[in-house]
Amino acid sequence: MRFLATFEQAAVGLAHVAPDGRWLQVNQKLCAILGYSRAQLLERSFQELTHPEDLDTDLGLVRELLSGRKETATLEKRYRRADAELVWVSVTVSLVRDASGEPDYFISVIEDIDARKQAEQDLFESELRLRLFIEHVPAALAMFDTEMRFMVVSQRWLSDYSMVGKDLVGRSHYEAFPEIPQRWREVHQRALRGEVLRADNDHFIRPDGRRQWQRWEVRPWYRIDESIGGIVIFTEDITTQKEAEREMRIAAKAFDIRQAMIITDADQRILRVNRAFCRTTGYRQDEVIGRTPALLKSGQHDAAFYQTMWQQIEEQDQWQGEVANRRKNGQIYPEWLSISAVRDDEGRVSHYVGAFEDMSQHKQAEARIHSLSYFDVLTNLPNRRLFIDRLQQALRSSQRLGHRGAVFFIDLDDFSALNDTQGHDIGDKVLIEIARSLLGAVHTDDTVARLGGDEFVVVVEDLDAQAEDAMLEVKQLGEHLLAAIRQPLEVEGSRYVITASMGICLFDGAVDSVTELLKRADASMFQVRKLGRDRLHFFDPEMQQALEQRVAVEGRLRQAIPAQLRLHYQPQVNAQGRILGAEALVRWQDSEQGLVSPAAFIPLAEDSGLILPMGRWILRTACDQLNRWRDDPLLQHLSLSVNVSAKQLQQADFGDQVVEVLRQSEANPRRLKLEITETLLFEHLDRVVVTMSQLKAVGIQFSLDDFGTGFSSLSYLKRLPFDQLKIDQSFVRDLATDDNDAAIVRTIIALGKSLGLEVIAEGVETETARDFLAAQGCERYQGFYFAEPMSIENFERQLVAQSVARIAVPDR
């Protein structure tokens, strides 16, 4: 009875449990812990009330007791109470065996430890929160004892001071940072004496050598007895803020450059403009702030233009192009505009930045160059360059529409005698009247051009597709043109009658080319001059002999590549005559005809496609030469210019070909300059942009060859990475006598300087031409005045001789 009373009144839960887990006897305390009545518990097993996650451990201990490996076992586990709540308990279990030694029952002592467990959990979570706070607080934090040993350190501290992954707790601050300045040691000592110290704008040099700006605070911490237990150091890295302030100062300076700048918000409301914007547009800053850039619209662009522009900005975050805008005074002007979108951290557009440059002066220069390059100054008729372009268009139209056309080559009879007897002023006025007569004799769609001197040409399209009918039409028109020229002219009170000789070539765009037509024209004019004055003559089959000769030459050229090809080098010099490099020029050492002029085979190579293998050989040979020079102190500074043909540039893999040649030859790409003819850019501009950008990235330089003979557009000079403009020799040759050419050269040099491009003149054959170019600011020259193209042996000998001369007579 005394045992039962003790069992029932115990302060802890007690139970007898069968080996299979059934409750055999429980006391009131256990019923209170689990929330069940005695009868309910005796109907259950401990397994039913044990939390599933604890059951395996519980059963494992039972097995160890039953096996005799343990006499008593203790564990902490969770029971599921009658109200479904979990309760933590500490269970101590002993096994009671019967007289035969077989397991009889377990005695379990069960103590409610739920309150302790909760307190432990609360403490754990509190420590976890503190640790998370210390580790993730944006400021670096470290706590030290009075001996300056680390007690607590945050992750930010470890990161800021390049100590990530190192265990600093217990280590001396001065051991971890032996290079710490003396002034910091003094700060620590003052804080240990009770001072609180702060700095808002301090810096130190990190172990990796970078300067880190910070604000900091050092203060003591106190024990319960109010004695100083050590110090706490807080530091905040403000390097990014300082760099942002520096960038803002730089940006403010950059904002006031010569280029007009405008900044808007995401809704395109103007926030800021610079002084250049005000100068260009005529608006004051206070007149545009809060408004949109639409106030500058000229009305010359439709909605589709702006839709395309903003679609590109949305997709690529930038756009650039030419725009016509309106100044405050109503004047419309062209500008080159670049717009960039600025996005915030979440990828949303926050601002737009626009930069633009007034292109008015450049446009005027373009128009001037275009007019001088494409129109005859005297008659205002198209000149030879524009005639060639019109003829190419006529051939394409003929091929597309299936009709024929004709070219009339006109040479005034004995016009030189008129100039000699009446003077050039009268001769010029006669030429002007002849031009008017020819224009009046043809349709407005036909082309009348002056090739130079007393030579005119007329291009007529839309003739009958049948050759015989077309020839009849052309004969009638030719006679009509001769009659128009033959009409008496009144010039300064005198009457003049002029006649002309005319060569006529029919063309079919499907089979004919500009080159062939020009050859036929020369042949037909040669024949008509034999027949006498005031006549016309058609190209006849006898001229076919020349064509057959051309086919034969093409066959020999095909066999000649590359065995009979040679590279000659024409020096390119500076104003002092020092050789800076050369243009690599191909020559054909024909086994039958000897050295063949490039003019005789380069056009043929272009037309036949042989220019591709020839161009590859030229490029490889030039690069091999550059590689041979790279280790020679006298020659390693030289650059080589190589001409690139239209067919080469049209190849999709041309850029890869050049890069591969450079790799194989090991030539320095910065010494290679590719010369691109201006007329190539307009038919293949998009492909040219991609190819040039690829090659520019590896260091290759680019020269715009024959500049002034094409459209001379500023827009492609801005888009393409040219380093040099090359003035065509046709402008240089007659500088001393042709004011028109002199004006073109001056304009080209000025344009090159304004764009930051080097300018070189080719075809410099006289001292007069050299002096004129130098006076205009041209600093690079090429031509017979300095040297003819020569073999590599002669070129290198000339370089050595020049170097010896420079040593003997050094520059002053």
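Being a predicted model, the structure only gives us computed values, none of them experimental. (Residues numbered from 1 in each chain as written. Predicted model: local features only at pLDDT ≥ 70, side-chain atom pairs only at ≥ 80, totals over all residues. Heavy atoms only, no water.)

Chemist: Could you give an account of the overall build of the protein, naming the residues involved and the relevant values?
Modeler: From N to C terminus, the protein includes 30 helices and 31 strands. By the compact-globule yardstick of 28 Å for 812 residues, the protein is too spread out, its C-alpha radius of gyration being 47 Å. Across the 812 residues that make up the protein, the buried fraction comes to 45%. Considering only residue pairs separated by 6 or more positions, the protein has 55% of its internal contacts joining residues 24 or more positions apart. As displayed, the protein offers around 42,600 Å² of accessible surface, 49% of which is attributable to carbon and sulfur atoms. Where the 97 positive side-chain charges of the protein centre and where its 125 negative ones centre are 5 Å apart. (Helix = DSSP H or I, 4+ residues; strand = E, 2+ residues; numbered from the N terminus. Rg over C-alpha atoms; globule rule 2.2 N^0.38 Å. Buried < 20%, exposed > 50% of the residue type's maximum accessible area, 1.4 Å probe, protein only. Contact = heavy atoms within 4.5 Å. Areas by Shrake-Rupley, 256 points an atom, 1.4 Å probe, with all protein chains shown as cover. Lys, Arg positive; Asp, Glu negative; His and termini not counted. Charge placed at Lys NZ, Arg CZ, Asp CG, Glu CD.)

Chemist: Give me the pattern of salt bridges: which residues, what numbers.
Modeler: Under the criterion given, the structure shown has 45 salt bridges. One salt bridge connects arginine 78 with glutamate 53, and the closest N-O pair in it is separated by 3.2 Å. Here arginine 78 is found in strand β3 (residues 72-80), whereas its partner glutamate 53 is found in helix α5 (residues 52-67), with 25 residues between them in sequence. The exposure class assigned to arginine 78 is buried, which follows from its relative accessible area of 16%. Between arginine 284 and aspartate 286 there is a salt bridge whose closest N-O contact spans 3.1 Å. Overall, the relative accessible area of 47% leaves arginine 284 in the partly exposed class. Given the relative accessible area of 54%, aspartate 286 is considered exposed. Look at the salt bridges and you will find they share partners, linking Glu76, Arg116, Lys117 and Glu120 into a network. (Salt bridge = Lys/Arg side-chain N within 4 Å of Asp/Glu carboxyl O.)

Chemist: Let's hear about the sheet that holds strand β16 (residues 404-412): which residues, and what values?
Modeler: Taken in spatial order, the 5 strands of this open sheet run β17-β18-β16-β21-β22, and their pairing is mixed. The sheet is open, and its two borders are formed by β17 (447-452) and β22 (536-538), each paired with just one other strand. In this sheet, neighbouring strand axes are inclined to one another by 20° on average, regardless of whether the strands run parallel or antiparallel. Summarising the sheet, β16 and strand β21 (residues 500-508) pair through 9 bridges and their orientation is antiparallel. Within β21, the residue paired with isoleucine 410 across the bridge is methionine 502. (Pairing = 2+ DSSP bridges. Axes fitted to C-alpha atoms, helices over the stretch in contact; angles between N-to-C directions.)

Chemist: Report on the packing of helix α17 (residues 424-441) against helix α18 (residues 467-486), specifying residues and quantitative values.
Modeler: With their axes 9 Å apart at the nearest point, α17 and α18 run at an angle of 145° to one another. Handedness of the crossing formed by α17 with α18: right-handed. Contacts between α17 and α18 involve Ile434, Ser437, Leu438 and Ala441 from the first element and Leu477, His480, Leu481, Ala484 and Ile485 from the second. Of the residues belonging to the contact of α17 with α18, the class tally is 7 nonpolar, 2 polar and no charged. (Left-handed = near helix turned anticlockwise from the far one by under 90°. Nonpolar A, V, L, I, M, F, W, Y, C, P; charged D, E, K, R; others polar.)

Chemist: Describe empty space enclosed by the protein, and please don't skip the residues or the numbers.
Modeler: Evaluated as defined, the whole model comprises 1 cavity of 30 Å³ or more. One number sums up the size of the largest cavity: a volume of about 140 Å³. What lines the largest cavity is a set of 13 residues, and nearest its centre among them are Phe46, Asp58, Val62, Val93 and Ser108. At the level of elements, α5, β3, β4 (86-97) and β5 (103-112) are the ones that each hand at least two residues to the lining of the largest cavity. Of the residues contributing to the lining of the largest cavity, the split by class is 10 nonpolar, 1 polar and 2 charged. (1 Å grid on protein atoms, 1.4 Å probe; cavity = no way out; pocket = protein on both sides within 12 Å on 5 of 7 lines; lining within 4 Å. Points joined across faces, edges and corners; volume = space filled by probe spheres on them.)

Chemist: Give a detailed account of the sheet that holds strand β2 (residues 23-26), specifying residues and quantitative values.
Modeler: The strand order across the open sheet built from 5 strands is β2-β1-β5-β4-β3, with neighbouring strands paired in antiparallel fashion. What marks the edges here is a single partner per strand, and that holds for β2 and β3. Neighbour-to-neighbour, the strand axes of this sheet turn through a mean angle of 30°, independent of strand direction. Pairing of strand β1 (residues 13-17) with β2, which is carried by 3 bridges, proceeds in the antiparallel orientation. Opposite alanine 15, over in β2, you have valine 26 as the bridge partner. Along the sheet face, α5 touches β3, β4 and β5 and points at about 150° away from the line of β3.

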